[in-house]
Amino acid sequence: MRKIVIAGLNECLGSAFLGLTDLLALARRAIARTRAPGLSAEDPFYVVAASANGEPIRDPTGASFPVAASFEAIATCDAIIVPSFSPDEDGKPPDMSRFGAAAAWLRRHHSRGAVIAGCGSGVFLLGEAGLLDGRRCTTSWWHHEELKQRYARIDAAWGARLIEDRRVVTAAGPLSWIDVALHLIRTLCGVDAARVAADFTVGEAALVKGAPRSPTAYNATTLNEGADAFLTEAERIIRQSDSSFNAQELARALSTSERTLHRRLKQASGESPKSFIDRIRVETARMLLETSARPVKELASSAGFADEASFRRAFRRVAGMAPSAYRVWARARSQNKGQLFALRKETEIIPKMLTTMFDACVNGVTLADPDLEDLPIIYANRPFTRITGYELDEIIGRNCRFLQADDRDQEGRLRLREAIGNREQVEVTLRNYRKDGTLFHNRLNITPLFDLNGRLLYFLGVQYDISAQVEAELEIGDLKGKLMSLKD
Ligand SMILES: Cc1cc2nc3c(=O)[nH]c(=O)nc-3n(C[C@H](O)[C@H](O)[C@H](O)COP(=O)(O)O)c2cc1C
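Quick look at the structure, then. (Residues numbered from 1 in each chain as written. Predicted model: local features only at pLDDT ≥ 70, side-chain atom pairs only at ≥ 80, totals over all residues. Heavy atoms only, no water.)

1. Some thoughts on the overall build of the protein chain
Piece 1. Within the protein chain, the secondary structure is distributed over 18 helices and 16 strands.
Piece 2. Counting across all 488 residues of the protein chain, residues that qualify as buried make up 49%.
Piece 3. Within the protein chain, counting contacts between residues at least 6 apart in sequence, those at least 24 apart form 57% of the total.
Piece 4. Surface summary for the protein chain: the accessible area is close to 23500 Å², and the carbon and sulfur share equals 51%. (Helix = DSSP H or I, 4+ residues; strand = E, 2+ residues; numbered from the N terminus. Buried < 20%, exposed > 50% of the residue type's maximum accessible area, 1.4 Å probe, protein only. Contact = heavy atoms within 4.5 Å. Areas by Shrake-Rupley, 256 points an atom, 1.4 Å probe, with all protein chains shown as cover.)

2. Some points on the packing of aromatic side chains
Piece 1. Scanning all chains against the criterion turns up nine aromatic pairs.
Piece 2. Centroid distance Trp-141 to Trp-142: 5.6 Å. Interplanar angle 85°. Geometry classified as edge-to-face. Neither Trp-141 nor Trp-142 differs from the other in exposure class; each is buried.
Piece 3. An aromatic cluster is built from Phe-305, Phe-311, Phe-315 and Tyr-326, whose rings are joined through pairwise contacts. (Phe/Tyr/Trp six-rings, centres within 6.5 Å; stacked < 30°, edge-to-face > 60°.)

3. Some points on the nonpolar core
Piece 1. Core analysis: the largest hydrophobic core is formed by 68 residues, its most contacted members being Leu-9, Leu-106, Leu-125 and Ile-185.
Piece 2. Examining the composition of this core, we find that eight residues originate from one element, helix H1 (residues 14-33), more than from any other.
Piece 3. For Ile-185, the residues in contact, after removing those within four places along its chain, are Leu-24, Ala-27, Ile-31, Phe-45, Gly-190, Ala-193, Ala-194 and Ala-197.
Piece 4. Counting residues in each nonpolar core, the second largest holds 38 residues, with Val-282, Ala-300, Ile-377 and Leu-403 among its members. (Core = buried A, V, L, I, M, F, W, Y, C linked by side-chain atoms within 4.5 Å.)

4. A word on the site of the ligand
Piece 1. Near the ligand, the surroundings consist of 21 residues, among which Asn-399, Arg-401, Arg-413, Arg-417 and Asn-432 are the closest.
Piece 2. For the ligand, whose accessible area on its own is 620 Å², the fraction buried by protein is 96%.
Piece 3. According to the grid-proximity analysis, the pocket containing the ligand is the second largest pocket.
Piece 4. Breaking the shell around the ligand down by element, the ones donating at least two residues are strand E12 (364-368), helix H17 (411-421), strand E14 (426-433), strand E15 (439-450) and strand E16 (456-465).
Piece 5. The element contributing the most residues to the shell around the ligand is H17, with four residues.
Piece 6. Here the residues of the shell around the ligand are counted per class, giving 10 nonpolar, seven polar and four charged. (Near = heavy atom within 4 Å. 1 Å grid on protein atoms, 1.4 Å probe; cavity = no way out; pocket = protein on both sides within 12 Å on 5 of 7 lines; lining within 4 Å. Sits in = over half its atoms within 2 Å of the grid points. Nonpolar A, V, L, I, M, F, W, Y, C, P; charged D, E, K, R; others polar.)

5. What to know about the pairing of E14
Piece 1. Bridging between E14 and E15 involves eight bridges; their strand directions are antiparallel. Across the sheet, the residue bridging to Tyr-433 is Leu-439, located in E15.
Piece 2. Taken together, E14 and the strand that follows it, E15, pair antiparallel across an intervening segment of five residues, in which Gly-437 is found at a positive phi of about 90°. (Pairing = 2+ DSSP bridges.)

6. Quick notes on the packing of helix H5 (residues 177-189) against helix H6 (residues 191-201)
Piece 1. It is the contact of H5 with H6, at a shortest axis distance of 7 Å, that shows an interaxial angle of 150°. One way to sum up the angle between H5 and H6 is to call them roughly antiparallel. Of the two possible hands of crossing, H5 and H6 adopt the one that is right-handed. Counted together, Leu-182, Ile-185, Arg-186 and Cys-189 of H5 and Val-191, Ala-193, Ala-194, Ala-197, Ala-198 and Thr-201 of H6 form the full contact between these two elements.
Piece 2. Per-class residue counts for the contact of H5 with H6 are eight nonpolar, one polar and one charged. (Axes fitted to C-alpha atoms, helices over the stretch in contact; angles between N-to-C directions. Parallel < 35°, antiparallel > 145°, perpendicular 65-115°, else oblique. Left-handed = near helix turned anticlockwise from the far one by under 90°.)

7. Quick look at the layout of surface pockets
Piece 1. Each pocket or cavity is described by its volume, and for the second largest pocket that value is around 540 Å³.
Piece 2. Around the second largest pocket sit 26 residues that line it, and Leu-375, Asn-399, Arg-401, Leu-416 and Ile-420 are the ones nearest its centre.
Piece 3. Counting residues per element, the ones that place at least two in the lining of the second largest pocket are E12, H17, E14, E15 and E16.
Piece 4. Here the lining of the second largest pocket gets five residues from one element, more than from any other, and that element is H17.
Piece 5. Class assignment of the residues belonging to the lining of the second largest pocket gives a composition of 13 nonpolar, eight polar and five charged. (Points joined across faces, edges and corners; volume = space filled by probe spheres on them.)

8. Description of helix H10 (residues 273-291)
Piece 1. Between its first and last C-alpha atoms H10 spans 27 Å; for 19 residues at 1.5 Å apiece the expected length is 27 Å, and the two agree.
Piece 2. With 15 of 19 residues buried, H10 is to be regarded as a mostly interior element. (Expected span 1.5 Å × (residues − 1).)

9. Considering helix H12 (residues 308-319)
Piece 1. Helix length check: H12 (12 residues) gives 16 Å between terminal C-alpha atoms against 16 Å at 1.5 Å per residue, within 8%.
Piece 2. Listing the buried residues of H12 in full gives Ser-310, Phe-311, Ala-314, Phe-315 and Ala-319. Along the axis of H12, the buried residues cluster in a sector spanning 130°; they form a single face. Exposed side of H12, more than 90 degrees from the buried face: Arg-313 and Arg-317 are the residues found there.
Piece 3. Measuring from the backbone nitrogen of Ala-309 back to the side-chain oxygen at the start of H12 gives 3.1 Å, which picks out Asp-307 as the cap.
Piece 4. At the exit of H12 stands Gly-320, carrying a positive phi of roughly 80°. (Arc of directions from axis to C-beta. Polar contact = N/O pair within 3.5 Å; in protein donor to acceptor, adjacent residues only side chain to side chain.)

10. A look at the packing of H10 against H12
Piece 1. Two elements in contact, H10 and H12, have axes whose closest approach is 9 Å; the angle formed by their N-to-C orientations is 90°. Between H10 and H12, the angle falls in the class roughly perpendicular. Here H10 contributes Asp-278, Arg-279, Val-282, Ala-285, Arg-286 and Leu-289 to the contact with H12, which in turn contributes Phe-311, Ala-314, Phe-315, Arg-317 and Val-318.
Piece 2. Looking at the contact of H10 with H12, its residues break down into seven nonpolar, no polar and four charged.

11. A short note on the pattern of salt bridges
Oppositely charged side chains may form a pair once their charged atoms are brought near each other.
Piece 1. For the structure shown, the criterion picks out 25 salt bridges.
Piece 2. In this structure, the salt-bridge partner of Asp-374 is Arg-401, at a minimum N-O distance of 3.1 Å. Separated by 27 residues along the polypeptide, Asp-374 in the loop between E12 and strand E13 (377-380) and Arg-401 in the loop between helix H16 (392-395) and H17 bring together distant segments of the chain.
Piece 3. Look at Asp-374 and you get partly exposed, because its relative accessible area is 44%.
Piece 4. For Arg-401, a relative accessible area of 33% puts it in the partly exposed group.
Piece 5. The network of salt bridges with shared partners includes Arg-136, Asp-155, Glu-283, Arg-286 and Glu-290. (Salt bridge = Lys/Arg side-chain N within 4 Å of Asp/Glu carboxyl O.)

Below is the structure:
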């Protein structure tokens, strides 16, 4: 049976601590009682509330809450949830260095395979534990700047409700413990269990189907005082603006002059107003690429860009890759597809070392992802762009059949199709067409790549341009024909 631990920490919100206990207990009972197909009737999980020393914890009002165990007594578990903290007088989460032992405990359990989840400002404790380093994460929007400032190596998304990145779950809002609990039930016990839990506890199964929900009804702009409040407010205004919004209007909305805006932004984030506006819009686009299936074209205006071209340009500059490549990269990362995608490179998605190796090849090298619809190319090396004449962002995200143009009636294509369907290695020669329409003969070798458990990860494609050889053979055939006719 799965074990979920609620981390009891002094100063956390009493409602979150108790709420989690109630919600999980109710969900557990509802799931155990349901004999729906796909759900076992036994207890799906059990819940333990623990604190550093096993003593009751206190919330900021002085109310005391008992726990069942100390952190040390929890030898193994499947998930730990850190509730939101009450903000200090400046509206900021408490200094996390005082929770060092709890942070080390979270780190230990994560390395043993547990999912670690933080709600609202509870995400800061995950940052203190180093669990957010190099990970995509979120927190309440008014804590966004503070989180980035305290933990410089994180990849924070502004405005995302909930993100899971390699067994680290982060959620926005002090009451996000509801989303987090349901998300964990889905991760640990499956979609059906989560649906039963959502129906029973919040009366809204849509929660687990990812349906869009209205924004939170409360507004906490006044919580954050000081220098960051300026950045936070500027971000908020940009996110609510449309594509015609510019630096001049931003200055006006912030009741300041353009000069002061320029100076304060340079001071706070080192950017000009234009780069700042672009970066915030790219952040929004990243979040939309990660959390929706909407086509890249549509995202440009939703993220606040005037047109697709300016969106693509800004996205490349800020995120270091094309939007479609980013979507593939983010997906591979959230599925933890090995270390291959743990690093991000300027324009591609393969770590630098491999890219250098592949780029040094004379042949084209491509990877296609079988988990994505229609087997799109997610990586292509430089020689492939040279051979075909297409730019990377015209290749990534598309099925490679576009190289056949209208010349689809080829025996090799059918063999290829069959071998890919059977997950077998194959080598065929195809007539392909460069971007300028010229024909080349492509000797294509496809190899399925499996992990140690036999799961198909990618198809590796190696493309040899054998046009010269084919033309030489044709010429030889032609000459032979002429010789034969001379003999006759
Ligand atoms: C990794 C990989 C690379 C591929 N490279 C090419 C290519 O360079 N040229 C080509 O014509 N087809 C290429 N293909 C094959 C097509 O994507 C497609 O599988 C083939 O046309 C058969 O499917 P279809 O009949 O649905 O088009 C590649 C496939 C994979 C998996």
